[in-house]
Amino acid sequence: MMGGTADIELIDKKGKRLDGRKADEMRPVTIEAGVLKRANGSAYLEWGGNKVLAGVFGPREAIPRHSQDATKAIVNFRYNMAPFSVDDRKRPGPDRRSSEIGKVAAEAFANVIVLEQFPRASVDIVVEILEAAAGTRCAAITAASVALADAGIPMKGMVASCAAGKAGGKVVLDLAQKEDNFGEADVPLAMNMTTGEVVLLQMDGDLSPKEFETALDYAMKGCKDIYEIQKKALLTRYQRVIEGEA
Ligand code: UDP
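Asks: For this particular structure, what's the right way to read the nonpolar core?
Replies: The nonpolar side chains of a soluble globular protein tend to be buried, and buried together. In terms of nonpolar packing, the biggest core is built from 74 residues, with W47, F77, F109, I113, I125, V127 and L148 touching the most fellow members. Filtering out sequence-adjacent residues up to four positions away, I125 remains in contact with G55, V56, V75, N76, F77, R78, F109, A144 and L148.

Written as structure tokens, this is what we have:
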């Protein structure tokens, strides 16, 4: 959510950001795959101050039955922000923002999951935001992608997601909380890393065409770095399986 201007210097004279990052630097990201026993696939992700848990259930018979598609599986994505995940307690339950994020994320994954293999089924993705610090939709999509791979769901590629935007008059990668609150623009991106297809692109705020190009360039590089971390998480997970620990 872009909050408009404030008397806060988001970029110092040396070009450094509030948390000391350079313009094209991402916050630290860690991912662990296979953390929930009862889910078909799962992942836990930390990204800066974000803490996110993703679980995947299915493919299983879609319920209610009228939601079934005789030719392919449907994708459900539930994004939920815990009441304690933000400074001002969030009212529990769904709202416009979480419905919107769930919808665009489900559409992103419907582009990569091989849905035709599972007629009448649903693939249910559930993401819980335990702590939020801007960029939760990218964190949610990134964690969900690892959980889908962990569930063994056939995909045309892994989806990686990262945002770029503008804060303190400068185009920056991966906005932190204050940059999101007081910055000028936020551009979340998600890509199929096998084909390079863009599966999600949104924009909040204002950018010139040139700034938008730079932001997109930063976000694409961010997705590449995220993809490497996702692959490492899956490799570690299957190393554990081979060693008989999971
Ligand atoms: N946020 C909040 N309360 C809310 C919704 C959002 O404090 O009810 C914060 C949270 O830290 C979130 C940030 O605002 O990460 C930015 O929200 P936005 O809608 O831009 O989505 P996001 O950047 O998380 O994908």
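Asks: Could you clarify how one ought to interpret a nonpolar patch on the surface in this entry?
Replies: Taken together, the side chains of V198, L201 and M220 make up a nonpolar region of the molecular surface, amounting to roughly 230 Å² of accessible area. With respect to the element layout, V198 can be found in strand β9 (residues 198-201).

Asks: Sorry, what's going on with the packing of helix α1 (residues 96-110) against helix α2 (residues 136-150) here?
Replies: Two measures define how a pair of helices packs: the angle their axes make with one another and the distance between the axes. Packing of α1 against α2 brings their axes to within 11 Å, and their N-to-C directions diverge by 40°. Judged by the angle between their axes, α1 and α2 are oblique. The hand of the α1/α2 crossing is right-handed. Every residue of α2 that contacts α1 at R97, E100, I101, A105 and F109 is listed here: T136, R137, I141, A144, S145 and L148.

Asks: I would appreciate a short explanation of the environment of Q230 in the present structure.
Replies: Here Q230 is to be found in helix α4 (residues 209-242). Counting along the chain gives 30 residues from Q230 to L200, while the straight-line C-alpha distance between them is 18 Å. Residues in contact with Q230, not counting those within four places in the same chain, are I31, T142, S145, V146, M158, V159 and A160. Of the polar contacts made by the side chain of Q230, one reaches the backbone oxygen of V159; its length is 2.9 Å.

Asks: Please clarify how the packing of aromatic side chains should be interpreted in this entry.
Replies: Geometry of an aromatic ring pair is reported as the spacing of the ring centres plus the angle between the planes. With the rule as written, the count across this model stands at 1 aromatic pair. Ring centres 6.1 Å apart and planes at 10° place the aromatic pair F77 and F109 in the stacked group. One end of the pair, F77, is in strand β4 (residues 74-81); the other, F109, is in helix α1, with 32 residues separating them in the sequence. The pair formed by F77 and F109 is uniform in burial state, with each residue classed as buried. The ring centre of Y227 lies 4.2 Å from the NZ or CZ of K231, which sits over that ring. The ring of Y238 is capped by R237, whose NZ or CZ atom sits 5.7 Å from the centre of that ring.

Thresholds applied
Residues numbered from 1 in each chain as written. Predicted model: local features only at pLDDT ≥ 70, side-chain atom pairs only at ≥ 80, totals over all residues. Heavy atoms only, no water. Core = buried A, V, L, I, M, F, W, Y, C linked by side-chain atoms within 4.5 Å. Buried < 20%, exposed > 50% of the residue type's maximum accessible area, 1.4 Å probe, protein only. Contact = heavy atoms within 4.5 Å. Patch = residues over 30% accessible without salt bridge, like charges linked within 9 Å, V, L, I, M, F, W, Y side chains within 5 Å. Areas by Shrake-Rupley, 256 points an atom, 1.4 Å probe, with all protein chains shown as cover. Salt bridge = Lys/Arg side-chain N within 4 Å of Asp/Glu carboxyl O. Helix = DSSP H or I, 4+ residues; strand = E, 2+ residues; numbered from the N terminus. Axes fitted to C-alpha atoms, helices over the stretch in contact; angles between N-to-C directions. Parallel < 35°, antiparallel > 145°, perpendicular 65-115°, else oblique. Left-handed = near helix turned anticlockwise from the far one by under 90°. Polar contact = N/O pair within 3.5 Å; in protein donor to acceptor, adjacent residues only side chain to side chain. Phe/Tyr/Trp six-rings, centres within 6.5 Å; stacked < 30°, edge-to-face > 60°. Lys NZ or Arg CZ within 6 Å of the ring centre and 35° of its normal.

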